[in-house]
Protein chains: 6
Amino acid sequence: MPIVQIDMLEGRSVDQKRAMVAKVTEAIVETANCTPEVVTVIIREMPTTNLGKAGKLRSDM
Amino acid sequence: MPIVQIDMLEGRSVDQKRAMVAKVTEAIVETANCTPEVVTVIIREMPTTNLGKAGKLRSDM
Amino acid sequence: MPIVQIDMLEGRSVDQKRAMVAKVTEAIVETANCTPEVVTVIIREMPTTNLGKAGKLRSDM
Amino acid sequence: MPIVQIDMLEGRSVDQKRAMVAKVTEAIVETANCTPEVVTVIIREMPTTNLGKAGKLRSDM
Amino acid sequence: MPIVQIDMLEGRSVDQKRAMVAKVTEAIVETANCTPEVVTVIIREMPTTNLGKAGKLRSDM
Amino acid sequence: MPIVQIDMLEGRSVDQKRAMVAKVTEAIVETANCTPEVVTVIIREMPTTNLGKAGKLRSDM
């Protein structure tokens, strides 16, 4: 039942997301010893105004 | 203080969300032995291009 | 595919968790218009030293 | 490596988010004994139709 | 800055987690077009009494 | 209603957590324009074997 939540900046294409889901699922299946059917991947995207690193908004960097 | 986070595909109506919040809160109150006032429910919606199952994007299924 | 994450203080019995999973799933099924099979519930428990409300640790209240 | 996720209602300005990231990071650095460089802050915003409190949608209150 | 959170049942060895972190990071790097240095992976484990599927506790299945 | 979730390595003292909750709440109150009463802080701790950075387990670094 592994559930994978990925938070990242918005802007990736559907093709990138498709490849991401395929490869991340494969990585989980190989290492967690489970079938692909039980793996769920959720992608959450955020604008650069909603991410902070080292005390600064990403949109200001 | 139970905090309930629900991730689901976008597309439900406000009426569905209203009923969901009411019934999920009731379920928590009955089983966690707390008052409704301390229960918070957050609904997060995603497009079908941001959900993967069995290594495939939901938008491709 | 609704995924429900519940954060709460530790201390509930397995019987309470069993009832919680059953009733919360039922609440989701009735309002999200889906089957029980696609509903996942994750319960996360924390000690009172890891929860803050109004700027105070719960263990100090 | 502290990762801080903040869920709140939408509507804050970029200036508010900028100040939030700066001050929250400072609070973590002072108390977790780490450098600002390792602190990540993610802000997630939701509409009032996606938040429930005491069994009621925030948009109905 | 992708942040990957993996929720799964407890019981995997450190070797499995080491391989999981390596392969999941590789999958993100290849598809999100970023360097490994910016990828963080958090593994959260839960007992079978804290997971529900189809309205039933995993520990009862 | 801001809800703040902090993921960090285990090992901080209760005094550090107490200060963290107080200061983070203050930072949110000042910048989100809300009262302390509506701010919830959840601290989640993990062992170094459950954190990966740049493809490596923290426990190996």
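Residues numbered from 1 in each chain as written. Chains lettered and ligands numbered in written order. Predicted model: local features only at pLDDT ≥ 70, side-chain atom pairs only at ≥ 80, totals over all residues. Heavy atoms only, no water.

Describing the overall build of chain A
Definition in use: Per the convention used, a helix needs a DSSP run of H or I reaching at least four residues, while a strand needs a run of E reaching at least two, with both numbered from the N terminus. We compute the radius of gyration from the C-alpha atoms alone; for a globule the expected value is 2.2 Å times N to the 0.38, where N is the number of residues. For the exposure calls, accessible area comes from a 1.4 Å probe over protein chains only, and a residue counts as buried if that area is under 20% of its type's maximum, exposed if over 50%, partly exposed in between. The criterion used for residue contact is that any of the two residues' heavy atoms lie within 4.5 Å.
Helix and strand counts for chain A come out as one helix and four strands. Taken over C-alpha atoms, the radius of gyration comes to 14 Å for chain A, far larger than the 10 Å a tight globule of 61 residues would show. Along the first, second and third principal axes, the C-alpha atoms of chain A reach 40 × 25 × 15 Å. By residue count, 52% of the 61 residues in chain A fall in the buried class. Here the contacts in chain A between residues at least 6 apart in sequence split such that 60% fall between residues at least 24 apart.

Thoughts on the confidence of the model for chain A
The condition is simple: For every residue, the predictor states its confidence as a pLDDT score lying anywhere from 0 to 100.
Of the residues in chain A, 100% have a pLDDT of 70 or more, and the chain-wide mean is 97. Predicted complex metrics record ipTM = 0.97 and pTM = 0.97.

A word on the environment of D7 of chain B
Threshold: Here a polar contact is taken to be a pair of N or O atoms separated by no more than 3.5 Å, where protein atoms must pair a possible hydrogen donor with a possible acceptor and residues adjacent in sequence count only if both atoms sit in side chains.
Along the chain, D7 of chain B turns up in strand β1 (residues 3-9). Sequence separation between D7 of chain B and I43 of chain B is 36 residues; the distance between their C-alpha atoms is 6.2 Å. Non-local contacts of D7 of chain B, meaning those with residues more than four positions away in its chain, are made with I42 and R44 of chain A, R44 and M46 of chain B together with M1, P2, I3 and Q5 of chain C. Of the polar contacts made by the side chain of D7 of chain B, one reaches the side chain of R44 of chain A; its length is 3.3 Å.

Details of the relation of the copies chain E and chain A
To be explicit about the condition: For the least-squares superposition of copies, only C-alpha atoms count, and only for residues with pLDDT at least 70 in both.
Once chain E is rotated about the relating axis by 180° and shifted along it by 0.0 Å, it coincides with chain A to within an RMSD of 0.0 Å. Both copies of the chain, as the preceding transformation shows, are related through a two-fold rotation axis. Comparing contact sets, 100% of the residues at the interface of chain E also lie at the interface in chain A, consistent with an isologous, same-surface contact.

Re the interface of chain C and chain E
Note the threshold: Using a 1.4 Å probe, buried area is obtained as the accessible area two parts lose upon being combined, added over both of them. Any carboxyl oxygen of Asp or Glu that lies within 4 Å of a side-chain nitrogen of Lys or Arg is treated as forming a salt bridge with it.
Contacts between the two partners involve 16 residues from chain C and, on the opposite side, 13 residues from chain E. Carbon and sulfur atoms supply 52% of the area buried between chain C and chain E, which totals about 1,200 Å² over both sides. At the boundary of chain C with chain E, the tally comes to two salt bridges. As a salt-bridge pair, D60 of chain E and R18 of chain C come within 2.6 Å of each other at their nearest N and O atoms. Counting across the interface, chain C meets chain E through eight residue pairs in polar contact (both at pLDDT 80 or more).

Concerning the interface of chain E and chain A
Interface extent is often summarised as the accessible area lost during association of the parts. The partner chain A presents 24 residues to the 24 residues of chain E that form the contact. Each partner contributes to the roughly 2,000 Å² buried at the junction of chain E and chain A, and carbon and sulfur atoms together form 63% of this total. Among the residues chain E hides against chain A, the three largest losses belong to M1, Q5 and T31 of chain E. Together they make up 29% of the total. A salt bridge links K23 of chain A to E30 of chain E, with the nearest nitrogen and oxygen atoms 3.2 Å apart.

Considerations on the sheet that holds strand β4 (residues 56-57) of chain D
Threshold: Think of it this way: DSSP has to see at least two bridges between two strands before they count as a pair. Axis definition: a line fit to C-alpha positions, over the contact stretch in the case of helices; interaxial angles, taken between N-to-C directions, run 0 to 180 degrees.
If you walk across this open sheet you meet the eight strands as β4(D)-β3(D)-β2(B)-β1(B)-β1(C)-β2(C)-β3(E)-β4(E), and the pairing is mixed. The strands lining the two open edges of the sheet, one partner per strand, are β4 of chain D together with β4 (56-57) of chain E. For strand β3 (residues 51-53) of chain D and β4 of chain D, the ladder comprises two bridges, and the chain directions are antiparallel. Bridging across to β4 of chain D, K53 of chain D finds its partner in K56 of chain D. Sheet strands touched by helix α1 (residues 14-32) of chain B: β1 and β2 (40-46) of chain B, β1 (3-9) of chain C together with β3 and β4 of chain D. Its angle to β2 of chain B, the strand with the most contacts, is close to 140°. Lying over the sheet, helix α1 (residues 14-32) of chain C contacts β1 of chain B, β1 and β2 (40-46) of chain C together with β3 (51-53) and β4 of chain E, oriented at roughly 140° with respect to β2 of chain C.

Here's the deal with the arrangement of the chains
Looking at chain C next to chain D, you find no contact at all, with the nearest C-alpha pair sitting 12 Å apart. With respect to C-alpha atoms, chain B approaches chain E no nearer than 12 Å, and the pair has no contact.

A few points about the nonpolar core
To keep things clear, this is the line we draw: In these notes, a set of buried Ala, Val, Leu, Ile, Met, Phe, Trp, Tyr and Cys residues joined through side-chain atoms within 4.5 Å is what counts as a nonpolar core.
The biggest cluster of nonpolar side chains holds 68 residues, and the ones touching the most others in it are I28 of chain A, I28 of chain D, I28 of chain E together with I28 of chain F. Among the nonpolar cores identified, the runner-up in size contains 52 residues, and M1, V21 and I42 of chain C together with L9 of chain D belong to it.

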